[in-house]
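Take a look at the letters that make up each chain.
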Amino acid sequence: MEKGKLIVFEGIDGSGKSAHYKRVCARLEAEGINYHHIVFPRYDNDSSALIRMYLGGEFGSSPNDVNAYAASTFYAVDRFAAYRTDWGGAYNSGGFILSDRYTTSNAVHQGAKLSNEELPGFFEWLYDFEYIKLGLPKPDLVIYLDVDVKTSLKRMKHRQEKTHTSADIHEKDIEYLENCLRVADKAADYYGWTRIPFMKNGVEREIDEKHEEIYSIIKSAL
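Overview of the structure.

What counts and how
- Residues numbered from 1 in each chain as written.
- Predicted model: local features only at pLDDT ≥ 70, side-chain atom pairs only at ≥ 80, totals over all residues.
- Heavy atoms only, no water.
- Helix = DSSP H or I, 4+ residues; strand = E, 2+ residues; numbered from the N terminus.
- Rg over C-alpha atoms; globule rule 2.2 N^0.38 Å.
- Buried < 20%, exposed > 50% of the residue type's maximum accessible area, 1.4 Å probe, protein only.
- Contact = heavy atoms within 4.5 Å.
- Pairing = 2+ DSSP bridges.
- Axes fitted to C-alpha atoms, helices over the stretch in contact; angles between N-to-C directions.
- Parallel < 35°, antiparallel > 145°, perpendicular 65-115°, else oblique.
- Left-handed = near helix turned anticlockwise from the far one by under 90°.
- Nonpolar A, V, L, I, M, F, W, Y, C, P; charged D, E, K, R; others polar.
- Salt bridge = Lys/Arg side-chain N within 4 Å of Asp/Glu carboxyl O.

**Considering the overall build of the protein**
No. 1: The secondary structure content of the protein amounts to eight helices and seven strands.
No. 2: In summary, the protein has a C-alpha radius of gyration of 17 Å against a globular reference of 17 Å for 222 residues, a match within 12%.
No. 3: Counting only C-alpha atoms and orienting by the principal axes, one finds that the protein spans roughly 45 × 45 × 35 Å.
No. 4: Here the protein, with 222 residues, has 48% of them falling under the buried criterion.
No. 5: When contacts within the protein are restricted to residue pairs at least 6 apart in sequence, long-range pairs at least 24 apart make up 78% of them.

What follows is the structure, given as structure tokens:
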């Protein structure tokens with residue numbers, strides 16, 4: 001049977017990724033388009049236990065206290081468990097899967113711990129580890145939402161105030177966020193992600209305009 005379609009939303013914290021993901025989900029449902037949605041990491045599942053320990057600082061107070069390869073395995077195991085117990089059946093039956101984060105997040109957030117010279121090797125390892133060794137499906141389309149660090153920090157602060165939550169070890173580290181942007185730019189080129197620019201003609205784009213662009217790209221990919 002023909003495999004399904006896997007479309008992924010990616011972006012650093014505060015990029016607007018999750019907000020756009022939810023808007024697309026709502027529109028797909030309103031238009032009666034059948035799909036399966038999933039958000040990573042799955043913090044409420046046992047398979048995310050190591051992720052929660054890592055982000056909570058149990059392995060060290062800095063992201064760099066756990067190297068890129070070790071930390072990547074924590075997230076990959078959560079995806080493997082999700083694929084086997086949740087969405088794999090739908091995908092392998094030809095279904096449409098929409099995901100908020102995926103292997104792409106390891107490229108960005110763990111790659112941020114590495115130098116530019118180390119990145120190609122890491123990107124190659126990550127592709128082989130998750131898609132070949134673990135057998136996870138490769139995305140058909142990755143929507144990458146660009147942003148700058150100043151806006152990212154402002155949005156994260158607003159979200160934390162709204163949800164009464166505190167920043168994890170990734171969100172607290174401004175230098176780390178800057179490295180995430182550096183690496184995301186290179187990963188987008190390396191893997192061929194579809195970029196959604198944050199600015200147009202020097203002005204921050206309106207959310208409705210970005211949504212229409214994103215939705216059109218997704219519909220064209222189905």
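From this point, things continue past the structure.
**What about the sheet that holds strand S5 (residues 194-196)?**
No. 1: Across the sheet, which stays open at both edges, the five strands sit in the order S2-S3-S1-S4-S5 with parallel pairing between neighbours. With one partner strand each, in any of the chains shown, strand S2 (36-39) and S5 form the two edges of the open sheet. On average, adjacent strands in this sheet sit at an angle of 20° to one another, irrespective of strand direction.
No. 2: Pairing of strand S4 (residues 141-145) with S5 involves three bridges; the strand directions are parallel. Considered in S5, the bridge of Tyr144 is made with Arg195.
No. 3: Its contacts with the sheet place helix H1 (residues 17-30) against strand S1 (5-10), S2, strand S3 (96-100) and S4, and it is angled at close to 155° to S3.
No. 4: On top of the sheet, helix H3 (residues 68-92) reaches S1, S2 and S3; it is set at about 155° to S2, its chief contact.

**Some points on unusual backbone geometry**
No. 1: Between Phe40 and Pro41 the backbone carries a cis peptide bond, its omega angle lying at -5°.
No. 2: Following the sequence through the fold, Pro41 ends up in the loop between S2 and helix H2 (49-55).
No. 3: Backbone geometry places Arg101, a non-glycine residue, at a positive phi of 80°.

**With respect to the packing of helix H5 (residues 119-133) against helix H7 (residues 174-191)**
No. 1: H7 packs onto H5 with a crossing angle of 60° between their chain directions and a minimal axis gap of 11 Å. Considered as vectors, H5 and H7 are oriented oblique to each other. Classified by chirality, the crossing of H7 by H5 is right-handed. Within the contact between the two elements, H5 uses Leu119, Pro120, Phe123, Glu124, Leu126 and Tyr127 and H7 uses Arg182, Val183, Lys186, Ala187, Tyr190 and Tyr191.
No. 2: In the contact of H5 with H7, the residues fall into nine nonpolar, no polar and three charged.

**Some points on the pattern of salt bridges**
No. 1: Applying the stated criterion across every chain, the model contains 15 salt bridges.
No. 2: Here Asp185 makes a salt bridge to Arg195, at a shortest N to O gap of 2.8 Å. Separated by 10 residues along the polypeptide, Asp185 in helix H7 and Arg195 in strand S5 bring together distant segments of the chain.
No. 3: Overall, Asp185 belongs to the partly exposed group, its relative accessible area being 36%.
No. 4: Given the relative accessible area of 31%, Arg195 is considered partly exposed.
No. 5: When the shortest N-O distance is used, the salt bridge between Arg195 and Asp189 registers 2.8 Å.
No. 6: Judged by its relative accessible area of 55%, Asp189 falls in the exposed class.
No. 7: Linked by salt bridges that have partners in common, Arg27, Glu31, Glu212 and Lys219 make up one network.

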